[in-house]
Amino acid sequence: MVKSGERMNTPTITLPGEDYQRVKDGEITCVIRPASQKLYLSVYDWIPIVFQGTDDNVMVEIEDINFTMFKNLNLNTALKCGFNSVNECKRDLVEKSPTLDNASRLYIYSFFVVGVSEKIVGA
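Residues numbered from 1 in each chain as written. Predicted model: local features only at pLDDT ≥ 70, side-chain atom pairs only at ≥ 80, totals over all residues. Heavy atoms only, no water.

A. Region of the structure containing the pairing of strand β4 (residues 57-69). Relative to β4, strand β3 (residues 46-51) is paired through 5 bridges, and the arrangement is antiparallel. The partner of Trp 46 across the bridge, within β4, is Glu 61. Counted between consecutive antiparallel strands, the loop separating β3 from β4 contains 5 residues, among which Gly 53 sits at a positive phi close to 80°. As paired elements, β4 and strand β5 (residues 105-117) share 12 bridges and run antiparallel to each other. Within β5, the residue paired with Glu 61 across the bridge is Phe 112. (Pairing = 2+ DSSP bridges. Helix = DSSP H or I, 4+ residues; strand = E, 2+ residues; numbered from the N terminus.)

B. How the structure looks around the packing of aromatic side chains. With the rule as written, the count across this model stands at 2 aromatic pairs. Aromatic pair Tyr 20 and Phe 51: ring centres 5.2 Å apart, planes at 80°, arrangement edge-to-face. Placement of the pair is Tyr 20 in helix α1 (residues 20-24) and Phe 51 in strand β3, with a sequence separation of 31 residues. Look at Phe 51 and you get buried, because its relative accessible area is 2%. Note that Arg 105 overlies the ring of Phe 67, its terminal NZ or CZ placed 3.6 Å from the centroid. (Phe/Tyr/Trp six-rings, centres within 6.5 Å; stacked < 30°, edge-to-face > 60°. Buried < 20%, exposed > 50% of the residue type's maximum accessible area, 1.4 Å probe, protein only. Lys NZ or Arg CZ within 6 Å of the ring centre and 35° of its normal.)

C. Representation of the sheet that holds β5. Sheet architecture is open: 5 strands sit in the order β1-β3-β4-β5-β2, paired in mixed fashion. Since the sheet does not close on itself, it has two edges, and those belong to β1 (13-15) and β2 (30-34), each with one partner. Looking at each pair of strands side by side, their axes are set apart by 40° on average, direction ignored. (Axes fitted to C-alpha atoms, helices over the stretch in contact; angles between N-to-C directions.)

D. The side chain of Lys 90, seen in detail. The topology assignment puts Lys 90 in helix α3 (residues 86-96). Nearest to the buried, unbridged Lys 90 among oppositely charged side chains is Asp 101, at 11 Å. Apart from residues no more than four positions distant in its own chain, Lys 90 is found in contact with Phe 70, Lys 71 and Leu 73. (Lys, Arg positive; Asp, Glu negative; His and termini not counted. Salt bridge = Lys/Arg side-chain N within 4 Å of Asp/Glu carboxyl O. Contact = heavy atoms within 4.5 Å.)

E. Structural detail: the layout of surface pockets. The calculated volume of the largest pocket comes to roughly 390 Å³. Lining the largest pocket are 23 residues; nearest its centre among them are Leu 15, Arg 33, Phe 83, Asp 92 and Lys 96. Elements represented by at least two residues in the lining of the largest pocket include exactly β1, β2 and α3. Classifying every residue of the lining of the largest pocket by side-chain character gives 11 nonpolar, 5 polar and 7 charged. The calculated volume of the second largest pocket comes to roughly 160 Å³. If you go around the second largest pocket, the residues you meet are Thr 29, Cys 30, Glu 63, Asp 64, Asn 66, Asn 76, Thr 77, Lys 80, Ile 108 and Ser 110. Where the lining of the second largest pocket is concerned, the elements lending two or more residues are β4, α2 (75-80) and β5. Per-class residue counts for the lining of the second largest pocket are 2 nonpolar, 5 polar and 3 charged. (1 Å grid on protein atoms, 1.4 Å probe; cavity = no way out; pocket = protein on both sides within 12 Å on 5 of 7 lines; lining within 4 Å. Points joined across faces, edges and corners; volume = space filled by probe spheres on them. Nonpolar A, V, L, I, M, F, W, Y, C, P; charged D, E, K, R; others polar.)

Now the structure itself:
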């Protein structure tokens, strides 16, 4: 709950710059966050995704919030998050959060793009 005088932080998803086109094209449609990085969102919320090293961003609508245990990650979820395999997805998660183990809870935020903001470069 937000106390009087406090500002509520708008959650933001940050992804690698090379994921921009894949998110924009609807190839990446979800992100996974460990419980320690849970985003306080609801279904139908709009949230920006910013891309490291670029001025590009997209606005997405959250269409589903789910959770799973690290040990139960599956190929379907890994593919929707932009990975080629479950092992690749798990490696990436452990690299970002080294304390993850098989019993760790993960939140899965599914989304679709509702708007795009690109830096226009003159020819």
